[in-house]
Amino acid sequence: MRGAQFRTSETVDFLVVGSGAAGGVMAKELAVAGFSVVVLEQGPYLTEQDFGHDEIKYAVQNALTNNTKLQPITYRKHENEVAKPLKAIEYGRQVGGGTVHFTANYWRLHESDFNERSIYGEIPGTSFADWPIRYSDLEPYYTKAEEEIGISGLGGANPFEAPRSKPYPLPPMPVKSSGVLFERGAKKLGLHPYPAPVAILSQPYRGRGACAHCGMCELFGCEMKAKSSTLVSVIPIAEKTGRCEIRPNSYVRKVETNAKGHVTGAIYFDEQKREVFQPAKVVVLCANGVESSKLLLMSKSKLFPQGLANSSGLVGKNLMWDNGTESCGLFEHPLNEFKSVQVTRVLQDYYDADKRRGFYGGGAIDARFDFYPAGFALSGMPDDVPKWGIDFKKAVGQYFTRTMTLLAHTTSLSMERNNVSLDPELKDAWGLPGVRITYDWHPDDVTNMKWLVEREREILQAAGAQKVWSFPVEPAEVNVMPSRHLMGTCRMGIDPRRSVVDSFGHAHDVKNLFIVDGSNFVTSGRQQPTATIQALAYRAAEHIAERARAGDLG
Ligand SMILES: Cc1cc2nc3c(=O)[nH]c(=O)nc-3n(C[C@H](O)[C@H](O)[C@H](O)COP(=O)(O)OP(=O)(O)OC[C@H]3O[C@@H](n4cnc5c(N)ncnc54)[C@H](O)[C@@H]3O)c2cc1C
């Protein structure tokens with residue numbers, strides 16, 4: 001047995017829904033603070049012995065991500081369309097959530113991210129707003145997250161980064177061929193590449209081994225425990241307290257409330273699909289930027305007819321998306337990019353929006369190769385290579401070892417029309433409504449992506465690529481589906497009419513309910529939200545523990 005075991009007749013101090021980036025941190029902080037904690041996680045409890053290197057199993061058959069055969073999703077661009085089944089979003093579905101199989105880029109936001117609305121002004125048709133906190137409020141928690149989770153990087157190497165109070169706890173990962181070529185091209189253009197901060201151990205750390213450079217980070221679990229998921233960093237500490245139970249295969253369908261409008265616990269389906277009620281004094285939703293909203297919308301009652309914590313009508317609204325663009329370069333000599341971590345160099349010269357460009361938006365560009373062999377052969381090569389036969393085989397042999405890519409991670413403007421709702425028709429394998437995603441790109445998001453493709457191509461050409469090709473950015477055929485960065489559907493703010501939670505994730509409408517995950521974001525930054533999700537979780541957990549000790553949440 002790993003941690004505590006509570007009876008479902010026992011009222012625990014905290015019920016945490018979801019054990020991913022935020023949920024793992026929340027569980028650890030609350031258990032270490034002395035509270036009893038049950039974490040309900042819909043996915044299984046896998047460990048390093050369960051992980052493997054099978055591309056089809058992990059990249060195609062959803063071994064670690066949400067499976068639309070069991071939990072269907074529909075997508076439409078606009079409210080007036082009928083949504084069609086499509087895997088529009090992708091997230092980790094096991095203990096550790098997205099941190100188990102993510103690529104592990106770990107970026108802090110910039111100071112300007114917190115007040116872009118004040119800097120750039122109103123953008124018509126959007127809900128572009130400032131955050132209710134500033135970077136300085138979060139800085140100590142970024143530092144804590146980097147230390148506790150285990151991040152490798154080189155503080156101060158990025159001239160555009162926000163001030164930091166401590167260096168990264170681990171040195172950066174060794175540079176790969178793509179990083180060397182990226183540096184060569186970027187420096188020729190006067191840009192400032194720097195070693196990528198990643199949640200992967202460059203050296204042994206706190207009882208875990210260093211990265212073995214197997215090359216299977218994105219979409220795979222790490223057999224070395226070198227990827228700093230919550231599964232291997234904070235969850236074991238939570239369990240060790242003897243006060244935290246991680247309960248896998250527990251799919252929450254409703255947060256229950258009483259006549260006073262307080263939450264009392266949650267109803268979930270166990271592994272045998274039996275309905276179980278777990279009572280708790282306080283509920284913290286950490287189910288991610290889509291599933292927390294879905295759960296609130298499903299938790300309607302007489303007192304909360306629009307869904308729980310939804311007096312503003314904003315639960316599910318302002319969904320922000322994983323926007324980005326990708327260009328590839330073919331080089332004369334083998335790069336053998338299939339080895340080691342996906343990303344070793346980044347640049348943030350284009351991060352800030354700039355009014356002179358004529359649109360809002362910015363991005364950061366990283367050098368990587370995140371294709372595995374089958375995926376590359378099917379969709380990674382340029383259009384002019386043969387599609388079958390001996391010439392196709394030859395092309396795969398030539399391109400796979402000699403290609404690198406540049407990926408720009410770009411802004412996604414918040415708009416109420418982009419949202420999560422309950423599909424009126426489609427049901428999942430438990431009889432619950434499927435998630436319906438409504439999302440269309442703001443024109444500035446698209447212009448920004450097109451502008452950044454040109455920047456990627458310049459760098460690849462300056463690096464000496466023999467051939468450069470880019471993937472389309474037109475929304476009609478956009479290559480970023482499914483979205484993996486889920487942000488904004490329970491945004492934080494001061495005004496309860498314009499936001500769902502305060503800056504600690506406290507629901508404006510419910511005394512003992514918190515929502516702490518990617519849904520709290522007010523703006524999208526330039527993607528890679530996990531560092532900020534975890535910093536926010538550390539900050540919220542400290543506040544929640546203080547309020548609970550003071551008897552404020554009962
Ligand atoms: C392939 C891939 C690569 C990525 N790479 C990066 C990267 O390099 N850098 C970066 O910053 N981000 C990356 N991300 C995104 C990152 O994984 C997420 O931003 C992050 O994990 C979100 O944290 P969270 O706490 O909001 O939710 P999650 O980590 O998604 O955790 C939510 C948990 O809640 C569980 N859950 C949901 N609903 C229920 C329910 N009803 N009942 C019980 N449990 C439930 C889920 O199963 C999940 O385990 C990547 C994502 C993917 C898919």
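Quick caveat, the model's predicted, so the values are computed rather than measured.

## Regarding the packing of aromatic side chains
The geometry of an aromatic ring pair is captured by the separation of the ring centres together with the interplanar angle, meaning the angle of the planes. Applying the stated criterion to the full structure yields 25 aromatic pairs. Counting every residue linked through ring pairs, the aromatic cluster contains F338, F369, F371, F376, F400 and F471. Between the NZ or CZ atom of R455 and the centre of the ring of W451, over which it lies, the distance is 4.6 Å.

## Examining the packing of helix 4 (residues 135-150) against helix 11 (residues 530-549)
Geometry of a packed helix pair, given as the angle between the helix axes and the separation of the axes. Put simply, helix 4 and helix 11 touch, their axes get as near as 8 Å, and they point 105° apart. Relative to helix 11, the element helix 4 is oriented roughly perpendicular. Contact residues: helix 4 offers D137, L138, Y141, Y142, K144, A145, E148 and I149, while helix 11 offers A531, T532, Q534, A535, L536, Y538, R539 and E542. A breakdown of the residues in the contact of helix 4 with helix 11 according to their chemical character gives nine nonpolar, two polar and five charged.

## Description of the nonpolar core
Counting residues in hydrophobic clusters, the biggest one holds 120 residues, and the most contacted among them are M26, V37, W131, L285, L296 and L513. With ten residues, helix 11 is the largest single contributor of residues to this core. Here this core spans two domains, since at least three of its residues come from each of domain 1 (1-152 + 198-318 + 418-431 + 486-553) and domain 2 (173-196 + 324-410 + 440-482). Excluding anything up to four places from it in sequence, L296 contacts L285, G307, L308, A309, V315, C490, L513 and I515.

## Looking at the domain arrangement of the protein
For the protein, the assigned domains read domain 1 (1-152 + 198-318 + 418-431 + 486-553) and domain 2 (173-196 + 324-410 + 440-482). If you sort the residues of domain 1 by the area they bury against domain 2, W107, Y120 and R526 come out on top, with a joint share of 22%. Taken together, the links from domain 1 to domain 2 amount to one salt bridge. With its nearest N and O atoms 3.5 Å apart, the salt bridge here joins E218 to R368. At the surface where domain 1 touches domain 2, the tally comes to 18 residue pairs in polar contact (both at pLDDT 80 or more). Examining the composition of the side of domain 1 that touches domain 2, we find that three residues originate from one element, helix 3 (residues 116-120), more than from any other. Considered class by class, the residues forming the side of domain 1 that touches domain 2 number 19 nonpolar, 14 polar and eight charged.

## A look at the site of the ligand
Near the ligand you find 37 residues, and of these A22, E41, N105, Q528 and T530 are the closest. One of the side-chain nitrogen or oxygen atoms of Q42 is found 3.0 Å away from an oxygen atom of the ligand. Take A104: an N or O atom from its main chain is 3.1 Å from an oxygen atom of the ligand. Surface burial for the ligand is 97%, taken as the share of its 1000 Å² of free accessible area covered by protein chains. A class-by-class count of the residues in the shell around the ligand yields 14 nonpolar, 17 polar and six charged.

## Observations concerning the sheet that holds strand 5 (residues 194-195)
Strand order in the open sheet formed by six strands is 5-11-12-13-10-16, with antiparallel pairing between adjacent strands. Of all strands in the sheet, those with a lone pairing partner are strand 5 and strand 16 (467-470), marking the two edges. Pairing of strand 10 (residues 324-330) with strand 13 (residues 403-410), which is carried by seven bridges, proceeds in the antiparallel orientation. The residue bridging L330 from the neighbouring strand is T403, located in strand 13. Sheet strands touched by helix 5 (residues 177-188): strand 11 (343-347), strand 12 (363-368) and strand 13. Its angle to strand 11, the strand with the most contacts, is close to 20°. Running over the sheet, helix 10 (residues 443-462) touches strand 10, strand 11, strand 12, strand 13 and strand 16 and is turned about 20° from strand 10.

## Details of the pattern of salt bridges
Side-chain pairing between opposite charges can occur once the charged atoms of the two side chains come close. Summed over the entire model, instances satisfying the criterion amount to 31 salt bridges. K281 serves as the salt-bridge partner of D13, at 3.0 Å between the closest nitrogen and oxygen. Residue D13 is found in strand 1 (residues 12-17), and its partner K281 is found in strand 9 (residues 275-285); the two are separated by 268 residues along the sequence. On the accessibility criterion, D13 (17% relative accessible area) is buried. Owing to a relative accessible area of 48%, K281 belongs among the partly exposed residues under this scheme. Linking R484 and E218 is a salt bridge whose minimum nitrogen-to-oxygen distance equals 2.9 Å. Here the residue R484 occupies a position in the loop between strand 16 and strand 17 (513-515), and E218 occupies one in the loop between strand 5 and helix 6 (235-240), the gap between them amounting to 266 residues. Classification of R484 by relative accessible area gives partly exposed; the value is 37%. Several salt bridges share partner residues, and in doing so they unite K87, E90, E218, D366, R368, D370 and R484 into one network.

## Structural notes on the environment of V17
Here V17 is to be found in strand 1. According to the relative accessible area criterion, V17 is buried, its value standing at 5%. For V17, the residues in contact, after removing those within four places along its chain, are L40, V252, V284, L285, C286, A287 and L295.

## A word on helix 4
For helix 4, which comprises 16 residues, the first-to-last C-alpha distance of 21 Å matches the rise-based estimate of 22 Å (1.5 Å per residue) to within 8%. Those residues of helix 4 lying buried are Y135, L138, E139, Y141, Y142, T143, A145, E146, E148, I149 and G150. Looking at the buried residues of helix 4, the elements they touch are helix 1 (21-32) and helix 11.

## Remarks on the pairing of strand 11
Within a regular strand, side chains alternate between the sheet's two faces. Across the five residues of strand 11, five count as buried, placing the element largely inside the fold. Bridge analysis of strand 5 against strand 11 gives two bridges, and the strand direction is antiparallel. Within the sheet, the bridge partner assigned to Y194 lies in strand 11 and is V346. Two strands pair when backbone bridges link them, and strand 11 and strand 12 are joined in this way by four bridges, in the antiparallel orientation. Bridged to V343 within strand 12 is R368.

Parameters and conventions
Residues numbered from 1 in each chain as written. Predicted model: local features only at pLDDT ≥ 70, side-chain atom pairs only at ≥ 80, totals over all residues. Heavy atoms only, no water. Phe/Tyr/Trp six-rings, centres within 6.5 Å; stacked < 30°, edge-to-face > 60°. Lys NZ or Arg CZ within 6 Å of the ring centre and 35° of its normal. Axes fitted to C-alpha atoms, helices over the stretch in contact; angles between N-to-C directions. Helix = DSSP H or I, 4+ residues; strand = E, 2+ residues; numbered from the N terminus. Parallel < 35°, antiparallel > 145°, perpendicular 65-115°, else oblique. Contact = heavy atoms within 4.5 Å. Nonpolar A, V, L, I, M, F, W, Y, C, P; charged D, E, K, R; others polar. Core = buried A, V, L, I, M, F, W, Y, C linked by side-chain atoms within 4.5 Å. Buried < 20%, exposed > 50% of the residue type's maximum accessible area, 1.4 Å probe, protein only. Domains from an automatic or database assignment. Buried area = accessible area lost by both parts, 1.4 Å probe. Salt bridge = Lys/Arg side-chain N within 4 Å of Asp/Glu carboxyl O. Polar contact = N/O pair within 3.5 Å; in protein donor to acceptor, adjacent residues only side chain to side chain. Near = heavy atom within 4 Å. Areas by Shrake-Rupley, 256 points an atom, 1.4 Å probe, with all protein chains shown as cover. Pairing = 2+ DSSP bridges. Expected span 1.5 Å × (residues − 1).

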